[in-house]
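Per-entry structural report
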Amino acid sequence: MLSLADVTVARGGLPVLEGVSFDVGAGQALVLRGPNGIGKTTLLRAIAGLQPVLAGTIAHDEDAVAYGAHSDGLKAQLSVRENLQFWADVYGGGDVEQALHDMNMADLQSRPAAQLSAGQKRRLGLARLLVTGRPIWVLDEPTVSLDKFSVNLFADRVRTHLASGGAAVLATHIDLGLSEARELDLAPFKAVPPTEEAFDEAFL
Amino acid sequence: MKALLIRDLRLAIRAGGGFGLGLSFFLILVTLVPFGVGPDAEVLARIAPGILWVGSLLACLLSLDRIFALDFEDGSLDLLATAPLPMEGTVSIKALAHWLTTGLPLVVIAPLLGLLLNLPLQAYPWMILSLLAGTPALSVIGTFGAALTVGVKRGGLLLSLLVLPLYMPTLIFGAETVRRGAEGLPTTTPLLMVAGITMGCVALMPFASAAAIRVGLKGQ
């Protein structure tokens, strides 16, 4: 479903990851690991199409990727339901009821997003994935500020998604309990920083 | 697209939204001018077209940085960029929402404020027409400016500097329409120019704005 071949991505004009290749098929999940600053977010943004790659190719079906970033893109003045309904409408009508129920948000649906706790905001952000109806989930640190119960809830949702033929690429530091997911350590792909001389040449 | 428009209108109207910001600024400016200039009815009548147009232009400018900055900060711009909406459509809807919450209220309230400035009676239809024809251009051009400065922290100053020169033609022909209307001269030419500028902007600017957003998001 998603395949990367020899991908190089850059942040601030400098390459951070080089030669990343992997395939994620239907029903598979891939967990990206690596220390802070290695380029997980940059790679995920490139997969989501927000950033160009320096080299290599990223192939997936058109309009197949649902991206979940660090921030949830919630509007504080809108209620939980209004926030979710907006994304459902944008993506052509997902089941808001079901998504609220699945992420354990049904009791909070009329509350303004401003009054949610950090974990509840995150859960609402993840509920957005359920209404997109897109097969490939690209998630950046999806479990930040979630409690143990919610992490399990989220892992269950990912499992359901995979079982229905979806795929997921996740960058995370914690153990999700997704035993079936493959792991990819990005550390070996770290780009060699350009030397001082190369830097000068670029200016000459 | 409709969902985005409804969301933006809702956000503008609810507490902390931009609705009323431009309107109250316009109100304050036009109320203060007679106090500053003095009560001479003839002088007021002469400067009224210019003041009304400059006032609405600045009122539009005031709320421009909200168009994308808030969406950028809370991450929804990234999500909108990956959503199935074409970016050109997104920026057009954003401009439309800005006009509905800023430009249209100005058009509605301008006749009331024309009274304060002793605007000659025969100028009223021309003022309303020229504002109606000209303010959409202000929103569309402003959206482009906001798109250009989207990743810039506190980009408000840069935004104003970028956008002001682009506002000049609309201001010149808009105020000219009202002035001619006030003096009973033919107004067709400047009014057509205002309408032409607006139509050109509405047709072409969304492509520029969308390109600017894409570049802006790339750098993050």
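Notes on the structure in this doc start here. What you are looking at is a predicted structure, and each value in this text was computed from that prediction instead of being measured. (Residues numbered from 1 in each chain as written. Chains lettered and ligands numbered in written order. Predicted model: local features only at pLDDT ≥ 70, side-chain atom pairs only at ≥ 80, totals over all residues. Heavy atoms only, no water.)

Turning next to the environment of valine 33 of chain B. Residue and element names in this part refer to chain B. As for its position among the elements, valine 33 is in helix α2 (residues 21-37). For valine 33 and aspartate 8, which are 25 residues apart along the polypeptide, the C-alpha to C-alpha distance reads 33 Å. Residue contacts for valine 33: discarding those within four places in its chain leaves Gly38, Ile47, Ile51 and Leu117. (Helix = DSSP H or I, 4+ residues; strand = E, 2+ residues; numbered from the N terminus. Contact = heavy atoms within 4.5 Å.)

If you walk through the whole model with that rule in mind, you get 18 salt bridges over all chains. For aspartate 74 of chain B, the salt bridge identified is with lysine 75 of chain A, shortest N-O distance 2.8 Å. With aspartate 74 of chain B in the loop between α4 (66-73) and α5 (76-82) and lysine 75 of chain A in the loop between β5 (65-68) and α2 (80-90), the pair connects residues from two separate chains. Judged by its relative accessible area of 19%, aspartate 74 of chain B is buried. For lysine 75 of chain A, a relative accessible area of 5% gives the class buried. Among the ionic pairs, glutamate 97 of chain A bridges to arginine 81 of chain A, the shortest N-O distance being 2.4 Å. In this pair, glutamate 97 of chain A sits in helix α3 (residues 96-102) while arginine 81 of chain A sits in helix α2, placing the two residues 16 residues apart along the sequence. Accessibility expressed as a relative area gives 48% for glutamate 97 of chain A, which makes it partly exposed. Arginine 81 of chain A gets classed as partly exposed once you look at its relative accessible area, which sits at 25%. Within this structure, Lys75 of chain A together with Arg7, Asp8, Asp71, Asp74 and Lys94 of chain B form a network of salt bridges that share partners. (Salt bridge = Lys/Arg side-chain N within 4 Å of Asp/Glu carboxyl O. Buried < 20%, exposed > 50% of the residue type's maximum accessible area, 1.4 Å probe, protein only.)

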